[in-house]
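# Residue-level structural notes
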Amino acid sequence: MAAVLRLVNRGTLSSAMGQQYLTFSSAPKVGVRAGQALPERVKIVEVGPRDGLQNEKTIVPTETKIHLIDMLSASGLPVIEATSFVSPKWVPQMADQVEVMKGISRIPGVSYPVLTPNLKGFQAAVKAGASEVAIFGAASELFSKKNINCSVDESLQRFNDVMKAAKEAGVPVRGYVSCVVGCPYEGKVAPEKVAYVAKRLYSMGCYEISLGDTIGVGTPGSMIEMLEAVSKEVPISALAVHCHDTYGQALANILVALQMGIGVVDSSVAGLGGCPYAQGASGNVATEDVVYMLHGLGIQTGVDLSKLMDAGAFICRTLNRKSNSKVAQAVCKL
Amino acid sequence: MGNVPTTVKHCLSYEQLIQDYPWLRRWLLLEEKTITGHAYPKFVKIVEVGPRDGLQNEKEIVPTGVKIQLIDMLSGAGLPVIEATSFVSSKWVPQMADHSDVLRGIQRAPHVQYPVLTPNLQGFQDAVAAGATEVAVFGSASETFSKKNINCSIDESMLRFEEVINAARERQIPVRGYVSCALGCPHEGHIEPSKVAEVAKRLYEMGCYEISLGDTIGVGTPGSMFKMLQSVMKEVPTSALAVHCHDTYGQALPNILTALQGVNIAKVIEAGDFICSALCRETNSKVARAKGRTL
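Residues and elements named next belong to chain A. Its location among the elements puts His-242 in strand β12 (residues 239-243). Look at His-242 and you get buried, because its relative accessible area is 7%. At 3.0 Å, the side chain of His-242 and the side chain of Asp-51 are in polar contact. In this structure His-242 touches Val-47, Asp-51, Tyr-176, Ser-210, Leu-211, Gly-212, Asp-213, Asp-266 and Asn-284, once residues within four positions along its chain are discounted.

Turning to the pattern of salt bridges, a few remarks are in order. All names here are of chain A. Within the structure shown, the criterion is met by 21 salt bridges over all chains. Residue Lys-193 pairs with Glu-141 through a salt bridge whose shortest N-O separation is 3.1 Å. Of the two residues, Lys-193 is situated in helix α9 (residues 191-204) and Glu-141 in helix α7 (residues 141-148); the sequence distance between them amounts to 52 residues. Classification of Lys-193 as partly exposed rests on a relative accessible area of 24%. On the basis of relative accessible area, Glu-141 is assigned to the partly exposed category, the value being 26%. Two residues, Lys-199 and Glu-233, come together in a salt bridge whose shortest N-O distance is 3.2 Å. With Lys-199 in helix α9 and Glu-233 in the loop between α10 (220-231) and β12, this residue pair connects regions lying 34 residues apart in the sequence. Classification of Lys-199 by relative accessible area gives partly exposed; the value is 41%. Its relative accessible area of 35% is what places Glu-233 among the partly exposed residues. Each member of the salt-bridge network shares a partner with another, and the members are Lys-43, Arg-174, Glu-208 and Asp-266.

Residues and elements named next belong to chain B. The first and last C-alpha atoms of helix α10 (residues 193-206) sit 20 Å apart over 14 residues, in line with the 20 Å expected at 1.5 Å per residue. Within the span of α10, buried status applies to Pro-193, Val-196, Ala-197, Val-199, Ala-200, Leu-203 and Met-206. Structurally, α10 contributes buried residues whose contacts are with β5 (135-140), α9 (154-170), β6 (175-180), β7 (210-215) and α11 (222-233). Gly-207 sits one or two positions beyond α10 and adopts a positive phi of about 130 degrees.

Each turn of an α-helix holds 3.6 residues, which means side chains three or four residues apart point in the same direction. The element helix α12 (residues 252-259) of chain B is largely enclosed, with a buried count of 6 among its 8 residues. Listed as buried for α12(B) are Ala252(B), Pro254(B), Asn255(B), Leu257(B), Thr258(B) and Ala259(B). Each element contacted by the buried residues of α12(B) is listed here: α10, α11 (250-259) and α12 (287-296) of chain A together with β7, α11 and β8 (241-245) of chain B.

Another aspect to go through is the packing of aromatic side chains. Throughout the structure, instances matching the rule amount to 4 aromatic pairs over all chains. The interplanar angle of 15 degrees and the centroid separation of 4.8 Å between the aromatic rings of Tyr292(A) and Tyr249(B) together place this pair among those described as stacked. Linking Tyr292(A) in helix α12 with Tyr249(B) in the loop between β8 and α12, this pair reaches from one chain into another. With relative accessibility at 15%, the residue Tyr249(B) sits in the buried group. Centre to centre, the rings of Phe138(B) and Phe161(B) are 6.3 Å apart; their planes meet at 55 degrees, and the pair counts as tilted. Linking Phe138(B) in strand β5 with Phe161(B) in helix α9, this pair joins segments that are 23 residues apart in sequence. Both residues of the pair, Phe138(B) and Phe161(B), count as buried. The ring of Tyr185(A) carries Lys146(A) above its face, with NZ or CZ at 5.2 Å from the centroid. The ring of Tyr178(B) has Arg176(B) sitting right over it, with the charged end atom 5.2 Å from the ring centre.

What follows deals with the environment of Ile46(B). Mapping Ile46(B) onto the fold places it in the loop between α3 (24-37) and β1 (47-48). Each C-alpha atom, one on Ile46(B) and one on Ala242(B), is 9.3 Å from the other, the two residues being 196 residues apart in sequence.

Bringing the nonpolar core into the picture now. Buried together is how nonpolar side chains tend to be arranged in soluble globular proteins. By size, the foremost hydrophobic cluster in this structure holds 101 residues, and its most contacted members are Val177(A), Leu211(A) and Ile254(A). With near-sequence residues (within four places) excluded, Ile254(A) lies in contact with Val241(A), Cys243(A), Val265(A), Val285(A), Val290(A) and Met293(A). Leu55(B), Ile71(B), Phe87(B) and Val175(B) belong to the second largest nonpolar core, which has 69 residues in total.

Attention now moves to the sheet that holds β5(B). All names here are of chain B. Spatially, 6 strands are ordered β3-β4-β5-β6-β7-β8 in an open sheet, and the strand pairing comes out parallel. The strands lining the two open edges of the sheet, one partner per strand, are β3 (85-86) and β8. Docked against the sheet, α10 engages β5, β6 and β7, running at close to 165 degrees with respect to β6.

Helix-helix packing: each pair is described by the crossing angle between the helix axes and the interaxial distance. Residue and element names in this part refer to chain B. Between α11 and α12, the least distance of the axes is 9 Å, while the angle of their chain directions is 35 degrees. Considering the relative orientation of α11 and α12, their crossing is right-handed. Between α11 and α12, the residues in contact are Pro-222, Met-225, Phe-226 and Leu-229 and Pro-254, Asn-255, Thr-258 and Ala-259, respectively.

Bringing unusual backbone geometry into the picture now. Notably, Asn320(A) is not glycine yet its phi reads approximately 55 degrees, a positive angle. Taking the relative accessible area as the measure of exposure, Asn320(A) reaches 71% and is therefore exposed.

The rules behind each value
- Residues numbered from 1 in each chain as written.
- Chains lettered and ligands numbered in written order.
- Predicted model: local features only at pLDDT ≥ 70, side-chain atom pairs only at ≥ 80, totals over all residues.
- Heavy atoms only, no water.
- Helix = DSSP H or I, 4+ residues; strand = E, 2+ residues; numbered from the N terminus.
- Buried < 20%, exposed > 50% of the residue type's maximum accessible area, 1.4 Å probe, protein only.
- Polar contact = N/O pair within 3.5 Å; in protein donor to acceptor, adjacent residues only side chain to side chain.
- Contact = heavy atoms within 4.5 Å.
- Salt bridge = Lys/Arg side-chain N within 4 Å of Asp/Glu carboxyl O.
- Expected span 1.5 Å × (residues − 1).
- Phe/Tyr/Trp six-rings, centres within 6.5 Å; stacked < 30°, edge-to-face > 60°.
- Lys NZ or Arg CZ within 6 Å of the ring centre and 35° of its normal.
- Core = buried A, V, L, I, M, F, W, Y, C linked by side-chain atoms within 4.5 Å.
- Pairing = 2+ DSSP bridges.
- Axes fitted to C-alpha atoms, helices over the stretch in contact; angles between N-to-C directions.
- Left-handed = near helix turned anticlockwise from the far one by under 90°.

Structure below.
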């Protein structure tokens with residue numbers, strides 16, 4: 001048995017999951033932890049134009065949104081969440097969803113997913129040219145009721161229609177789970193509940209599940225606990241982390257997720273999008289800061305940091321606000 | 001998998017192995033937990049540098065009474081070490097001109113240390129006269145930074161510190177050593193981990209009980225932090241090391257996490273609120289902002 005145990009090490013598990021790993025050289029056990037295997041490549045999902053702008057008070061003109069997305073495309077980001085096909089009554093910022101979709105210059109190889117909360121939204125999205133969509137569930141019952149006025153199970157039921165239609169149309173669907181570590185109403189969220197919702201979305205057909213620390217209360221310990229529970233139900237290669245920086249913990253949380261083998265990170269240029277639950281606090285983690293960390297670790301992202309910063313500078317100038325990115329603040333004095 | 005020997009099947013498929021030996025899962029999960037759980041230290045000593053390093057870099061001169069109240073509030077928050085002030089010439093650092101008054105004015109909580117910076121023997125003697133029971137000296141891993149910051153080479157600075165450390169030893173006063181530019185220098189750029197290790201080793205061997213490794217311009221990332229610590233740990237025991245990470249590029253927490261692996265947070269926030277009111281500026285703490293303390 002001892003021989004078998006030695007064979008089943010992290011490296012074997014890693015290659016079984018189909019990813020290439022970089023391994024740090026060993027160090028003495030005391031103090032610095034050795035041998036953290038990190039992915040060689042990380043896919044960044046840029047959510048600034050949707051999740052970011054959606055939480056900004058100022059309504060941004062359509063041309064500005066289009067220009068922002070085009071600049072982000074030029075920076076090398078592989079996935080850019082372009083807009084949301086929700087009713088403009090609920091989210092006025094996204095009222096120009098069709099014009100945005102039709103207006104952007106799509107770069108080959110770059111995905112432009114859009115949020116589709118229901119079948120109607122999905123149909124409108126496809127009509128406007130969407131080739132990838134996203135749906136979302138919450139790991140907290142109270143949050144689900146307060147946010148979209150139904151239970152978690154009911155919300156997942158609603159998405160059955162979207163999933164069916166997407167499958168028929170050959171459109172990939174990304175799933176989001178919010179409140180994966182904490183809920184503004186319920187407080188701590190059980191990791192098993194997150195795993196349950198993630199598994200449901202995955203078995204419904206979502207190709208990737210983005211786990212969102214919606215109120216940014218997570219710390220490395222609670223992140224690991226949650227990811228361990230979820231990775232029992234969904235393969236790590238299908239997981240992404242969407243960490244909010246409300247308590248400054250985002251990069252540390254992303255780091256531990258990477259150490260667990262997660263290779264997809266959501267972030268928002270200039271840290272666009274405050275926290276609707278904590279007045280004056282930040283929300284999304286800034287893409288520039290994430291890229292800085294990843295590049296410093298020798299991890300490839302395909303992103304040109306200076307072009308990314310240009311996009312951040314552009315949107316901050318337009319919104320007349322300071323960037324939430326520390327890298328931008330340090331380099332461009334924004 | 002058809003006609004494949006069982007052991008080969010197990011090598012090829014973790015899932016198969018777990019299926020055939022369900023009890024094994026617990027063992028492997030334990031192993032995974034150690035890797036992913038990172039066995040962090042049970043206790044971390046936080047050295048609060050706000051009243052000295054923090055205020056020293058604030059433009060507005062803070063009244064002595066305010067500094068004293070800040071330190072007292074921080075003592076009340078349970079911090080074990082609070083860097084109180086700096087016995088440098090007030091000509092160079094006007095913010096610290098009231099060093100003796102601050103040190104004499106604070107309420108010293110039992111079991112809390114209040115180290116003060118002492119760049120030279122004169123400063124050390126003034127500090128002792130004012131009641132200091134712990135001091136700190138600072139070297140640089142970058143020659144250029146040393147010359148521009150304290151107007152002498154690293155070697156020359158070490159000679160000055162040796163005088164301080166010897167005088168401190170005679171009075172049984174512990175000395176903490178700082179190494180700045182541990183992950184990068186504003187003038188030289190990249191700093192070799194071996195240079196950081198060399199300076200850390202010198203300070204340790206001269207008699208500093210602890211060496212704080214400072215990412216002075218905050219350019220470090222977990223990878224460079226790891227490499228630098230690996231190098232330093234060859235020369236100085238881990239138990240004598242501290243990290244001083246700047247958040248200039250937002251990397252401080254992941255860098256600290258990499259280095260590591262009960263302070264009453266509410267009271268720390270209160271102390272933060274207090275000094276921000278006094279300075280009329282917004283807090284840089286995201287936790288404080290999230291908890292609704294903004295100006």
